[in-house]
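Geometric and topological summary
Residue strings, one per chain:
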Amino acid sequence: MKGKFEGEDGGVLGTLANRNLRNAASWRITSEICRRYPQDTFILDAVPIVGVDYDCLRVARLDGAGWIEFNRNSTGSAHRLVADLEEDVWPAFLMEWISVADRRNFVRRVSEWFGLPRVAQLPPTTRRTLAYRALAGFLQAHAMDRHRWSVDGAALVDDMDQPHRRHELIKRFKDVRIERPKGGGPMNTVTEPAFSVWFICRNESPLVYVTAEAQATNRKGVEVDLFDTYSRTKRIDDVIAQLASLMPR
């Protein structure tokens, strides 16, 4: 039987053995940062290339200055790579995020570590930041589920030569039309389009995708506008419930 802080691969965690919990924690902190800086940041999923063990979620700066990577393996560390700031690693980051009492102050600390200014109040919700929050909330609600839940990103690019897992995810929705966002969307730091589609997967099988415009669609083609729901109720819980309603019974 694994000890409380023993990872799936036998590593010592300050480690988080629950993979669902690691996914939920990384999405929660990234969505909170983007919620506070909607004009400055966006989320990138470092989807691993086939055969490469690499599982990180990034918050990237729209000005191209760099990013923070949140490592979703059992170490749960964070890695900062930002221009004009010393490269730095925050060990056992996800463990600290989960255990901290004052989440607002912790987000402020991370934002300052990222080189972002302090904000006096939350800016208005955008479609993109609502999509991030809905995905984070869904993962958090299923963190203790017996199934393995994940969210994988996809950039709608023409180059399909590299065997990225996200290409296989798009193919699984071959009967559902996935449109390229108008204007191409933000660019990441290696000049590729930022992820515009996010797939919610259960046990590696994609069930629903959510666009950066907060439109959610399941494999039957049923579509809902998450932003419309939020505009009516102003409750993120209602948005998460609507997202959950798209899942197969």
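Structure's up top.
Per-chain numbering applies: the sequence of each chain, read as written, is numbered from 1 onward. Local features are withheld for residues below a pLDDT of 70 in this predicted model, meaning they are given only at 70 or higher, and side-chain atom pairs are given and counted only at 80 or more; totals for whole chains, interfaces and linings count all residues. Note: side-chain values were computed over all heavy atoms of the structure, leaving out hydrogens and water.

Once that is clear, we can look at the pattern of salt bridges. Any Lys or Arg side-chain nitrogen found within 4 Å of a carboxyl oxygen on Asp or Glu counts as a salt bridge. With the rule as written, the count across this model stands at twelve salt bridges. Residue E112 is joined to R118 by a salt bridge in which the shortest nitrogen-to-oxygen separation is 2.8 Å. Judged by its relative accessible area of 58%, R118 falls in the exposed class. In this structure, the salt-bridge partner of D237 is R235, at a minimum N-O distance of 4.0 Å. Its relative accessible area of 47% is what places D237 among the partly exposed residues. One connected set of salt bridges, linked through shared partners, spans R28, E32, R35 and R36. Burial classification: accessible surface area is computed with a 1.4 Å probe over protein chains only, and a residue below 20% of its type maximum counts as buried, one above 50% as exposed, and the rest as partly exposed.

Aromatic rings from Phe, Tyr and Trp, taking only the six-membered ring of Trp, are treated as a pair when their centres fall within 6.5 Å; an angle between ring planes under 30 degrees marks them as stacked, one over 60 as edge-to-face, and anything in between as tilted. One pass over the structure, following the stated rule, counts eleven aromatic pairs. Here the aromatic rings of W27 and W198 are separated by 4.9 Å at their centres, their planes lie at 85°, and the arrangement is edge-to-face. Of this pair, W27 sits in helix α1 (residues 19-36) while W198 is found in strand β7 (residues 197-202), placing the two residues 171 residues apart along the sequence. Assessed through its relative accessible area of 0%, W27 is described here as buried. Looking at W198, the relative accessible area reads 1%, which means it is buried. Between W97 and F106 the ring centres are 5.6 Å apart and the planes differ by 40°, which places this aromatic pair in the tilted class. Using a relative accessible area of 2% as the deciding quantity, one classes W97 as buried. Note on geometry: a ring has a charge over it if NZ (lysine) or CZ (arginine) is within 6 Å of the ring centre and within 35 degrees of the ring normal. Stacked on the ring of F114, the Lys or Arg R61 has its end atom at 5.9 Å from the ring centre. A run of DSSP states H or I qualifies as a helix once it reaches four residues; a run of E qualifies as a strand once it reaches two. Both are numbered from the N-terminal end.

Attention now goes to the packing of helix α4 (residues 127-141) against helix α7 (residues 236-244). Helix axes are fitted to C-alpha atoms over the stretch in contact, other axes to C-alpha atoms as well, and angles between N-to-C directions run from 0 to 180 degrees. Contact geometry of α4 with α7 gives a least axis separation of 9 Å together with a crossing angle of 70°. In terms of their interaxial angle, α4 and α7 are classed as roughly perpendicular. Of α7, the residues touching α4 (which contributes L130, R133, A134, G137 and F138) are I236, V239, I240, L243 and A244. Lys, Arg, Asp and Glu make up the charged group, whereas Ala, Val, Leu, Ile, Met, Phe, Trp, Tyr, Cys and Pro make up the nonpolar group; the residues left over, Gly among them, are polar. Grouping the amino acids of the contact of α4 with α7 by side-chain chemistry returns eight nonpolar, one polar and one charged. Should an angle fall under 35 degrees it is taken as roughly parallel, and over 145 as roughly antiparallel, whereas 65 to 115 is taken as roughly perpendicular and any remaining angle as oblique. Residue contacts are counted whenever heavy atoms from the two residues lie within 4.5 Å of one another.

This part covers the nonpolar core. Side-chain atoms within 4.5 Å link the members of a nonpolar core, which is a set of buried Ala, Val, Leu, Ile, Met, Phe, Trp, Tyr and Cys residues. With 55 residues, the main nonpolar core has W27, F93 and L226 as its most contacted residues. With eight residues, the top contributor of residues to this core is α4. Among residues more than four places away in sequence, those in contact with L226 are L130, A134, V210, A214, A216, V239, Q242 and L243.

Now for the packing of α1 against α4. Contact geometry for α1 and α4: axes closest at 8 Å, N-to-C directions at 155°. In this view, α1 runs roughly antiparallel relative to α4, as classed from their interaxial angle. α4 is crossed by α1, and the crossing has left-handed handedness. Residue-level contacts link N23, A24, W27, R28, S31, C34 and R35 of α1 to T129, Y132, R133, L135, A136, L139 and Q140 of α4. Looking at side-chain class alone, the contact of α1 with α4 contains seven nonpolar, four polar and three charged residues. Handedness of a crossing is defined here by the sense of rotation of the near helix relative to the far one, left-handed for an anticlockwise turn of less than a right angle and right-handed for a clockwise turn.

Turning our attention to the environment of L62. Its place among the elements puts L62 in the loop between β2 (56-61) and β3 (66-71). What makes L62 partly exposed here is its relative accessible area of 33%. A C-alpha to C-alpha distance of 7.5 Å links L62 and Q39, two positions 23 residues apart in sequence.

Along any regular strand, the residues point their side chains to alternate faces of the sheet. Taken across its seven residues, strand β8 (residues 205-211) has six buried, putting it largely inside the fold. Examined bridge by bridge, β7 and β8 share six bridges and lie antiparallel to one another. Counted as the bridge partner of W198 is V210 from β8. Taking the residues between adjacent antiparallel strands as the criterion, β7 and β8 are bridged by two residues, where N203 takes a positive phi near 50°. At least two DSSP bridges between two strands are needed for those strands to be called paired. Judged from the three bridges that link them, β8 and strand β9 (residues 215-218) form a sheet pairing that is antiparallel. Note that in β9 the partner of V210 across the bridge is A216.

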